[in-house]
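Structural characterization, general
Residue strings, one per chain:
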Amino acid sequence: MTRFKALLVIGIIFCEWTNAQNLVPNSGFEEYKNCPIQAKQFSFVKNWKSPTSGTPDYFNSCSSEKEVSIPKNFAGKQEAHTGNAYAGIDLCDVQDSKYREFVEVKFAAPLKKDKTYHLKMYISLSGNSKYCVNNIGAYFSSKGYNDSRTTRNVNAQINNEDPMQMGNKNVWTAIEGEFKADGSEQFLTIGTFLPEGKVVPKEVKGGSLKHAYYYIDDISVEEIPSVEIAPVIAVVKETPSPT
């Protein structure tokens, strides 16, 4: 006689990360109120703002002005990572060590307590930059920032200090990191948050701008799904040996 026996087997089921929601609205800077016609018009980008008195720039191929068009503009030549637009921020002015630029956005929904999130963004050192720097970071906060100063002395949850990644011109480099939320975070700010004196400019080949100026595109913040463990019933066929 053939018999069947049911066994309880512990199976591990992983959630699909590909279904995760990007909580950064207008993550590629494609949506705008007006097409830029000159530098310092980052305020034209929907959802985003400059949280300090610094003046980030907005580049879009919709512009007929060479200063802020794509691929060629005042900072260099670079195609968008995807789409038709990107932002530009000055992470270090060699002639004014206190000057930096930041960009800030409010999440589509607050982050969840004790959940882990993955941040990814693409940066490219502009071709006309004479310098690169040793840091770019992402700061998650409960409140938006509005300050007349151009520096922010906070502890960014995600920092990149890889000089090889920070010095890449004419290519897009992915900057990634993870952090565990406390549930209060509603805003994301991007820039360099190191104290004055810790931001170290390094001269690179080519370029005449005495700045470390970076293009930024395609920013995402997504929840990393927890592993789900579910029971699986396995049916085992038993056939007795002939006697």
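Note: the structure precedes this text.
In what follows, the accompanying structure is described. Source: prediction; values computed, not measured.

1. Things to note about the pattern of salt bridges
Close approach of charged atoms lets side chains of opposite charge pair. Inspection of every chain in the model, using the stated rule, returns two salt bridges. For Lys 49, the salt bridge is made with Glu 104, and the minimal N-O distance between the two is 3.8 Å. With a gap of 55 residues between them, Lys 49 in strand β2 (residues 48-49) and Glu 104 in strand β7 (residues 103-106) connect regions that are remote in the sequence. For Lys 49, a relative accessible area of 34% translates into the label partly exposed. The shortest N-O distance in the salt bridge between Lys 112 and Glu 223 comes to 3.4 Å. A residue pair is termed long-range when its members are at least 10 positions apart, and Lys 112 in the loop between β7 and β8 (116-125) and Glu 223 in strand β15 (residues 211-223) qualify at 111 residues. Given the relative accessible area of 46%, Lys 112 is considered partly exposed.

2. Here's the deal with the environment of Asp 57
Mapped onto the elements of the fold, Asp 57 is located in strand β3 (residues 57-60). A sequence separation of 18 residues divides Asp 57 from Ala 39, and the C-alpha atoms of the two residues are 5.5 Å apart. Each residue touching Asp 57, except ones within four places of it in the same chain, is listed here: Ala 39, Lys 40, Phe 42, Phe 74, Tyr 86, Ala 87, Gly 88 and Tyr 213. Here the side chain of Asp 57 touches Lys 40 through a polar contact of 2.6 Å, landing on its backbone nitrogen. Within polar-contact distance, the side chain of Asp 57 engages the side chain of Tyr 213 at 2.6 Å.

3. Regarding the sheet that holds strand β12 (residues 173-180)
As a general point, the strands of a sheet are linked pairwise by backbone hydrogen bonds and lie either parallel or antiparallel. The strand order across the open sheet built from five strands is β3-β6-β15-β8-β12, with neighbouring strands paired in antiparallel fashion. Since the sheet does not close on itself, it has two edges, and those belong to β3 and β12, each with one partner. Going across the sheet, the axis of each strand differs from the next one's by a mean of 35°, ignoring polarity. Pairing between β8 and β12: eight bridges, direction antiparallel. Bridge pairing in β12 places Lys 120 opposite Glu 176.

4. Concerning the pairing of strand β13 (residues 187-191)
Among the five residues of β13, five are classified as buried, and the element is accordingly described as predominantly covered. Side chains Phe 187, Thr 189 and Gly 191 of β13 all project onto a buried face; the interleaved residues Leu 188 and Ile 190 project onto the opposite face, where all are buried too. In this structure, β7 lies alongside β13, joined through four bridges in antiparallel fashion. Following the sheet pairing, Val 103 is matched in β13 by Ile 190. Taken together, the five bridges between strand β10 (residues 136-141) and β13 define a ladder with antiparallel strand orientation. Note that in β13 the partner of Ser 141 across the bridge is Phe 187.

5. A closer look at the nonpolar core
Counting residues in each nonpolar core, the largest one holds 42 residues, and the members touching the most others are Phe 29, Trp 48, Phe 140, Leu 188, Ile 190, Tyr 214 and Ile 219. Broken down by secondary-structure element, the contributors of at least two residues to this core are β6 (85-93), β7, β8, β9 (131-132), β10, β12, β13 and β15. Sequence-distant contacts of Phe 29, that is, excluding residues within four places in its chain, are made with Phe 42, Val 45, Trp 48, Tyr 58, Asn 60, Ala 85, Tyr 86, Ala 87, Ile 216, Asp 217 and Ile 219.

6. Considering the sheet that holds β2
Pairing within the open sheet is antiparallel, and its five strands lie in the order β2-β7-β13-β10-β11. Across the chains shown, the open sheet's two edge strands, defined by having one partner strand only, are β2 and β11 (158-160).

About the cut-offs
Residues numbered from 1 in each chain as written. Predicted model: local features only at pLDDT ≥ 70, side-chain atom pairs only at ≥ 80, totals over all residues. Heavy atoms only, no water. Salt bridge = Lys/Arg side-chain N within 4 Å of Asp/Glu carboxyl O. Helix = DSSP H or I, 4+ residues; strand = E, 2+ residues; numbered from the N terminus. Buried < 20%, exposed > 50% of the residue type's maximum accessible area, 1.4 Å probe, protein only. Contact = heavy atoms within 4.5 Å. Polar contact = N/O pair within 3.5 Å; in protein donor to acceptor, adjacent residues only side chain to side chain. Pairing = 2+ DSSP bridges. Axes fitted to C-alpha atoms, helices over the stretch in contact; angles between N-to-C directions. Core = buried A, V, L, I, M, F, W, Y, C linked by side-chain atoms within 4.5 Å.

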